[in-house]
Amino acid sequence: MSILPLAADLPEPDLAAFGQDPWWVIVLKAVLIFLILVLLTLFNIWFERRVVARMQHRVGPNRHGPFGLLQSLADGVKLALKEDIVPKAADKVVFVLAPVIAVVPAFVTWSVIPLGPEVNFFGVMTPLQLTDMPVAVLFMLAIASIGIYGIVLGGWSSGSTYSLLGGLRSSAQMISYEVAMGLALVAVFLYAGSMSTSEIVYAQDKLWFGLILMPSFVIYVISMVGETNRAPFDLPEAEGELVGGFHTEYSSLKFALFFLAEYINLATVSAIATTLFLGGWAAPWGIENVWEGANGGYWPLLWFFGKIFIFIFLFVWLRGSLPRMRYDQFMALGWKVLIPVSLAWIVAVATIRVISLEGNINRTYLVAAIAVLLVMTVALMFVGEGKDKGQGDAEDVRADDEPHDAFAGGFPVPPMPVGGAVRGAAAPMTFATRRTTVTASAEENHE
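Every value quoted in this text rests on a predicted model; they were computed, and no experiment measured them.

Thresholds, definitions, all that
- Starting afresh in each chain, residues are numbered from 1 along the sequence in its written order.
- Residues qualify for local features only when their pLDDT is at least 70, as the model is predicted, and side-chain atom pairs are given and counted only at 80 or more; totals for whole chains, interfaces and linings, by contrast, use all residues.
- Side-chain numbers come from the whole structure's heavy atoms, not from hydrogens or water.
- Throughout this description, the term nonpolar core refers to a set of buried Ala, Val, Leu, Ile, Met, Phe, Trp, Tyr and Cys residues connected via side-chain atoms within 4.5 Å.
- The rule is simple: take the accessible area with a 1.4 Å probe, protein chains only, and divide by the maximum for that residue type; under 20% is buried, over 50% is exposed, in between is partly exposed.
- Numbering of helices and strands starts at the N terminus; helices are DSSP runs of H or I of at least 4 residues and strands are runs of E of at least 2.
- Here, two residues are considered to be in contact whenever any of their heavy atoms come within 4.5 Å of each other.
- What counts as a ring pair is set by centres within 6.5 Å for rings of Phe, Tyr and Trp (its six-membered ring), and what kind of pair is set by the plane angle: stacked under 30 degrees, edge-to-face over 60, tilted for all other angles.
- For a Lys NZ or an Arg CZ to count as sitting over a ring, it must be within 6 Å of the ring centre and within 35 degrees of the ring normal.
- Nitrogen and oxygen atoms within 3.5 Å of one another constitute a polar contact, given that in protein one can donate a hydrogen and the other can accept it, and given that sequence-neighbouring residues count only through two side-chain atoms.
- pLDDT gives the predictor's per-residue confidence on a scale running from 0 to 100.
- One less than the residue count of a helix, multiplied by 1.5 Å, gives the span that helix is expected to have.
- Think of a salt bridge as a Lys or Arg side-chain nitrogen and an Asp or Glu carboxyl oxygen that are within 4 Å of each other.
- Helix axes use the C-alpha atoms of the stretch in contact, all axes being lines fitted to C-alpha atoms, and the angles between their N-to-C directions lie in the range 0 to 180 degrees.
- Oblique is the label for every angle not falling under 35 degrees (roughly parallel), over 145 degrees (roughly antiparallel), or within 65 to 115 degrees (roughly perpendicular).
- Put simply, a crossing is left-handed when the front helix is turned counterclockwise from the back one by less than a right angle, and right-handed when it is turned clockwise.
- Residue type decides the class: Asp, Glu, Lys and Arg count as charged, Ala, Val, Leu, Ile, Met, Phe, Trp, Tyr, Cys and Pro as nonpolar, and the leftover types, Gly among them, as polar.
- Think of it this way: the bend at a residue is just the angle between two axes, each fitted to seven residues, one set ending at that residue and the other starting at it.
- For two strands to pair, DSSP has to find at least two bridges joining them.

Draft legend 1. Representation of the nonpolar core within the structure. The biggest cluster of nonpolar side chains holds 89 residues, and the ones touching the most others in it are W110, Y220, M224 and F304. In terms of residue count, helix α10 (residues 252-277) provides more of this core than any other element does, 13 residues in total. Excluding residues within four positions of it along the chain, M224 makes contact with M181, V269, A273, F311 and F315.

Shown next, in the form of structure tokens:
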């Protein structure tokens, strides 16, 4: 039985067509991308607040504009009118530049994302894409890595311990999940035979990579949540222990730039997932078979942003339903699960591609054998964790039976008072220098 194509007869891209546009077309494309991202940010903020409100049986924004759509704009104006405070201990130059460094790469990444096919753009035939290159995906990963410098420098330049710890967490988080994200994309390169975004979209004209490379798709989706510091992976902004994270000392427009960078990155990783795994701007399954013009003109913009909003809803759903992970669990997921599984899957995909091209072995048996090996690999990971946990519980039980030495092992834990914990009013304080005793009542009378 034949399988209907998800998108048929996509126009084959030509990288030589990029860079040939008139200067005013290039400027207009860049301005339109900027406006789309700003408006998309305002909509995403409203959308997140409304969806989370429905999940929590609340109303959400409903005052400013129809359905509260102007609430995000009102919040932006409020941030702009707030007092701009710069701490005395801050490195002022870096403190001001950090939000700019964080937000600029978020815009630049969209320069190589294809939004549609070649169209008539004010009388000029041009692709709905600012530019493309043979290593466009590597360019996106490189630019995304630059954005983390804004967060790290913002935390360091604030002169605050909480901000510094938030910035360090962001750098560790980026390193951990950027590796898994990059490995997840290797399988896409192997199947597409190119790193150009427009050519990867064309390579999915019969079947989306999200279906035939499902493990890579799942790993990328998990990694993109960690890459954008979103719940349940929002450890750099953990208010429980870091007050507000790397942007604790920021206010007014500089804080708004960090906020803007976060939501643009939200759309950016969703656009990358759409481009590499869900056929990009191509129409969903079946539409091309009943409507020949579904992949022509400006209609692909509808399919492209529709797929992006599916990922946006996934982000909001996760934020409204899952608690924040513990930091050791978060790092263990990246290094002990995602990266090993990614490496094993890359070897499997490369083996399948080589054998498919040579045609010496039945692919059905090969795929089944690789699936069994992957399941066994994941199972062994969890078995190892369970064994270690059991040993740890047994050691804890034995430790409880033995007398506790507060200073054993070199940990500076002070011993408990001889009479037990002090309850009620605090005990009087005695100062060795003046030999005087100060009580709480004396302090109150002095005041």
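Draft legend 2. Examining the packing of aromatic side chains more closely. The tally for this structure, following the rule as stated, stands at 23 aromatic pairs. Ring geometry for F233 and F330: centres 5.0 Å apart, planes at 50 degrees, overall tilted. Residue F233 is found in the loop between α8 (214-227) and α9 (239-242), and its partner F330 is found in helix α13 (residues 327-358); the two are separated by 97 residues along the sequence. Put simply, the rings of F43, W46, F47 and F309 pair up and form one aromatic cluster. It is R169 that lies over the ring of Y327; its NZ or CZ is 5.1 Å from the centre. The ring of Y191 carries the charged tip of R353 above its face, separated from the ring centre by 4.5 Å.

Draft legend 3. Spatial organisation of the environment of L235. Among the structural elements, L235 can be located in the loop between α8 and α9. Considered as a pair, L235 and R169 are 66 residues apart in the sequence and their alpha carbons are 7.0 Å apart. Apart from the residues within four sequence positions on either side, L235 is in contact with R169, Q173, L242, R324, M325, Y327 and F330.

Draft legend 4. Seen up close, the side chain of S216. One can find S216 in helix α8. Side-chain polar atoms of S216 contact the backbone oxygen of A184, separated by 3.4 Å. Contact partners of S216, with chain neighbours within four places excluded, come to A184, A187, F277 and W345.

Draft legend 5. Region of the structure containing the confidence of the model for the protein chain. For the protein chain, the mean per-residue pLDDT works out to 82, and 79% of the residues sit at or above 70. Every residue in residues 1-8 is under pLDDT 50, and counting partners more than four places away or in other chains gives 23 contacts.

Draft legend 6. Geometry of α8. For α8, which comprises 14 residues, the first-to-last C-alpha distance of 20 Å matches the rise-based estimate of 20 Å (1.5 Å per residue) to within 8%. Counted residue by residue, α8 has 10 buried out of 14 residues, so it is predominantly covered. Regarding α8, the residues found buried are S216, F217, I219, Y220, V221, S223, M224, V225, G226 and E227.

Draft legend 7. Molecular detail of the pattern of salt bridges. Summed over the entire model, instances satisfying the criterion amount to 8 salt bridges. In this structure, K29 and D21 form a salt bridge, with 3.2 Å as the shortest nitrogen-oxygen distance. For D21, a relative accessible area of 15% corresponds to the buried category. Between D328 and R326 there is a salt bridge; the shortest N-O distance is 2.8 Å. Using a relative accessible area of 44% as the deciding quantity, one classes D328 as partly exposed. Residues joined in a network through salt bridges with shared partners are E48, R230, E262 and R319.

Draft legend 8. Main features of unusual backbone geometry. Of note, the bond from A231 into P232 is cis; its omega dihedral lies within 30 degrees of zero at 5 degrees. By the element assignment, P232 lies in the loop between α8 and α9. Positive phi is not limited to glycine here, since H57 has a value of about 60 degrees. Residue H57 is classed as exposed on the basis of its relative accessible area, which comes to 77%. Located in the positive-phi region is N229, a residue other than glycine, with phi close to 60 degrees.

Draft legend 9. A look at the packing of helix α1 (residues 23-55) against helix α2 (residues 71-81). The N-to-C vectors of α1 and α2 enclose an angle of 115 degrees; their axes lie 8 Å apart at closest approach. If you check the angle between α1 and α2, you find them roughly perpendicular. Seen from above, α1 lies across α2 with right-handed handedness. Along the contact surface, α1 presents L42, I45, W46 and R49, while α2 presents Q71, S72, L73 and D75. A per-class count over the contact of α1 with α2 returns 4 nonpolar, 2 polar and 2 charged.

Draft legend 10. Region of interest: helix α3 (residues 92-108). With 17 residues, α3 should cover 24 Å at 1.5 Å per step; its first-to-last C-alpha distance of 25 Å lies within 8% of that length. A98 marks the point of greatest bend in α3, at about 25 degrees, and the proline P99 comes within the next four residues. Buried within α3 we find F95, A98, P99, A102, V103, P105, A106 and F107. Structurally, α3 contributes buried residues whose contacts are with α1, α4 (136-157) and α10.

Draft legend 11. View of the pairing of strand β2 (residues 124-128). Of all 5 residues making up β2, 4 are buried, and the element is well covered by its neighbours. As defined by bridge partners, strand β1 (residues 116-121) adjoins β2 across 5 bridges and the pair is classed as antiparallel. The residue of β2 that forms the bridge with G116 is L128. With antiparallel pairing between neighbouring strands as the criterion, β1 and β2 make up a hairpin whose turn holds 2 residues, including F122 at a positive phi of roughly 55 degrees.

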